[in-house]
Amino acid sequence: MPPSRMNSSRPDPPPTGFLDWTDRAHWSDTAKPCRYCARPTWLRDRSRKPAHKVCAETAIAQQAQEYAEAWENERFGTQ
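My aim in this report is to walk through the structure given alongside it, one point at a time. Position numbers for residues count from 1 along each chain, tracking the sequence in the order it is written. Totals for whole chains, interfaces and linings use every residue, but because this is a predicted model, local features are given only for residues with pLDDT of at least 70 and side-chain atom pairs only at 80 or more, for both listing and counting. Where side-chain values are given, they derive from all heavy atoms of the structure, hydrogens and water being excluded.

### Quick look at the overall build of the protein chain
Argument step 1. Secondary structure elements follow DSSP: runs of H or I of four or more residues count as helices, runs of E of two or more count as strands, with numbering from the N terminus. The secondary structure content of the protein chain amounts to one helix and two strands.
Argument step 2. Counting from the amino terminus, the protein chain carries its helices and strands in the arrangement β-β-α.
Argument step 3. Going through the 79 residues of the protein chain one by one, you find that 22% of them count as buried.
Argument step 4. In what follows, residue pairs with any heavy atoms lying within 4.5 Å of each other are defined as contacts. Sequence-distant contacts, at least 24 apart, represent 26% of the contacts inside the protein chain between residues at least 6 apart. Three labels apply to residues, based on accessible area from a 1.4 Å probe with only protein chains included: buried if under 20% of the type maximum, exposed if over 50%, partly exposed otherwise in between.

Structural data, given as structure tokens:
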């Protein structure tokens, strides 16, 4: 019998998202293409690369999901 899995539903992030980019360090005077969607943005991520906040949050969520799936596949021996 396969091990039981916990409910995979997770709470939604707050309406503003889970990254706090209110600090001035996340803003630039020059618009550059977002590293994720290529549309212009004045925002910068923590590495000072151009990125929209919502694009960065989507990329982080996607990466977390991929890591979780890889971990579950390894743990439960599925592909």
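### Details of helix α1 (residues 53-76)
Because an α-helix packs 3.6 residues into every turn, residues spaced three or four apart end up facing the same way.
Argument step 1. A helix is expected to span 1.5 Å multiplied by its residue count minus one. The first and last C-alpha atoms of α1 sit 34 Å apart over 24 residues, in line with the 34 Å expected at 1.5 Å per residue.
Argument step 2. Of all the residues in α1, the buried ones are Lys53, Cys55, Ala56, Glu57 and Phe76.
Argument step 3. Taken together, the buried residues of α1 touch β2 (40-43).

### Things to note about the side chain of His26
Argument step 1. Along the chain, His26 turns up in the segment before β1 (27-33).
Argument step 2. Residue class for His26 comes out buried when judged on its relative accessible area of 13%.
Argument step 3. Once residues within four sequence positions are removed from consideration, His26 is found in contact with Asp20, Trp21, Trp42, Leu43, Arg44, Asp45, Arg46 and Arg48.

### Section: the pattern of salt bridges
Argument step 1. Each reported salt bridge corresponds to a side-chain nitrogen of Lys or Arg within 4 Å of a carboxyl oxygen of Asp or Glu. Under the definition given, this model contains three salt bridges.
Argument step 2. Note that Arg24 and Asp29 form a salt bridge whose closest N and O atoms lie 3.6 Å from each other. With respect to burial, Arg24 and Asp29 carry one shared label: exposed.
Argument step 3. Where Asp45 meets Arg35, a salt bridge forms, and the shortest distance between an N and an O atom there is 2.5 Å. Taken together, the positions of Asp45 in the loop between β2 and α1 and Arg35 in the loop between β1 and β2 put the pair 10 residues apart, joining distant regions of the chain.
Argument step 4. On the accessibility criterion, Asp45 (8% relative accessible area) is buried.
Argument step 5. Taking relative accessible area as the criterion, Arg35 reaches 42% and is therefore assigned partly exposed.

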